[in-house]
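Coordinate analysis (summary)
Next come the chains, spelled out residue by residue.
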Amino acid sequence: MKVVKAPAKINLTLDVIGKRDDGYHDVEMIMTTVDLADRIQLTLLEEDLIQIDINVGHVPSDKNNLAYQAAKILKEQFNIKTGVSIYIDKQIPVSAGLAGGSTDAAAVLRGLNELWSLGISIDELAEIGLSIGSDVPFCVHGGTAVARGRGEKLTFLPAPPPCWVVLAKPPQGVSTKDIYQRLDLQMMTHPDTKGMIEAIDNQNFKGICQRLENVMEPATFELAPEVSNIKERLIQFGAEGTVMSGSGPTVFSLTKSEAKAYRLYNGLKGFMDHVFVVRLLGNRHS
Ligand SMILES: C[C@@](CO)(OP(=O)(O)O)[C@H](O)COP(=O)(O)OP(=O)(O)OC[C@H]1O[C@@H](n2ccc(N)nc2=O)[C@H](O)[C@@H]1O
Ligand SMILES: Nc1ncnc2c1ncn2[C@@H]1O[C@H](COP(=O)(O)OP(=O)(O)O)[C@@H](O)[C@H]1O
């Protein structure tokens, strides 16, 4: 038996460069992991089956679960004739822009690579992960990176300076696919990705906060105005930097001050179920 931690990601910048012929978009985004994590318990079985159990009702526990798909790909590619029972202790809100499903799949890839002694390198695991979802390669590695292509071309960066992250997810859900389709690529103002990379390299916290930007915000705000209200509220509470993560609807703020982090938390907690105060997770998975 093995327990693997599956942390959420946030997007410090998110830019969409263009539409591709394969139905995906080329992106340029800076992602980092935070200490809000699912826990994945893997138990090897003699029988040739993949079994999923999960502590929430609204996530599929069949072949549609990304953790199932991760186990299936390894089983098929490496001709494994035994099975695995996967228990997902879900702490990351679902359909939130935090890569909850992708990180579960990545954790299963890392965990089964060890339990089944497959000897796959982390780069190969990331490549296998891309067939499950665009965010899986980043989640296989963790840490902080610029992601390009569909999200799989990764350039690693140092961890941003330590800070508090306040995450707030309003109840209304949005579909990632829907948001990509609603983007107006002509009218977009693009994030200062280069400036953000320099700010991270220089450990310039203020510079990082000033450059938080996500081109998906207008499309998500139009579908779910509540997300925009939450962002405004976080800004009014005085967070150093605030932006939406991924396709949303989670909005996060960065702050150096623990007291301020809990002021933001307390200011929002009465309005919604999913508010978290966490730290950045600096290091990549080995
Ligand atoms: C927007 C981002 C930013 O980190 O995150 P989330 O909001 O999902 O957390 C990602 O690009 C989401 O990645 P992921 O959720 O893995 O997407 P996938 O399952 O691969 O694709 C779902 C759908 O989104 C669209 N898609 C996704 C990635 C991409 N580079 N271009 C796209 O156009 C496609 O329509 C695809 O069918
Ligand atoms: N292990 C999983 N955890 C969460 N969602 C999952 C999982 N497997 C499949 N899904 C499905 O993936 C979709 C996106 O969920 P999630 O990965 O949490 O969102 P996001 O891509 O916005 O971060 C949901 O419709 C959910 O039902």
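Residues numbered from 1 in each chain as written. Chains lettered and ligands numbered in written order. Predicted model: local features only at pLDDT ≥ 70, side-chain atom pairs only at ≥ 80, totals over all residues.

Overview of the site of ligand 1
For the record, the criterion: Working rule for contacts: place C-beta from the backbone, and if it is within 6 Å of a molecule or strand, that residue counts as near it. Per the convention used, a helix needs a DSSP run of H or I reaching at least four residues, while a strand needs a run of E reaching at least two, with both numbered from the N terminus. Residues were grouped as follows: Ala, Val, Leu, Ile, Met, Phe, Trp, Tyr, Cys and Pro as nonpolar; Asp, Glu, Lys and Arg as charged; and all remaining residues, including Gly, as polar. The domain limits used here are those given by an automatic or database domain assignment.
In the vicinity of ligand 1, 20 residues are found, and the nearest of them are G133, S134, D135, G246 and S247. Listing elements by their share of the shell around ligand 1, those giving two or more residues are β1 (2-19), β2 (25-45) and α5 (176-182). Per-class residue counts for the shell around ligand 1 are 6 nonpolar, 11 polar and 3 charged. Residue-level mapping places the shell around ligand 1 at the junction of two domains, with at least three residues from each of domain 1 (2-157) and domain 2 (164-281).

Notes on the UniProt feature "domain: GHMP kinase N-terminal" (unreviewed entry) in the chain
Quick note on the threshold: UniProt positions are given in the numbering used here, feature names are shortened, and annotations may be inferred rather than shown by experiment.
The positions that UniProt labels "domain: GHMP kinase N-terminal" (unreviewed entry) are, in the present scheme, residues 65-143. What you have in residues 65-143 is 54% helix and 9% strand, and the ends, taken at the C-alpha atoms, are 24 Å apart.

Focus on unusual backbone geometry
G248 connects to P249 through a cis peptide bond whose omega is 5°. Along the chain, the position of P249 falls in the loop between β9 (241-244) and β10 (251-255). The phi dihedral of N79 is positive, around 50°, even though this residue is not glycine. Mapped onto the elements, N79 comes out in the loop between α1 (66-77) and β4 (83-89). With phi around 50°, S95 is a residue other than glycine that occupies positive phi space. The topology assignment puts S95 in the loop between β4 and α2 (100-115).

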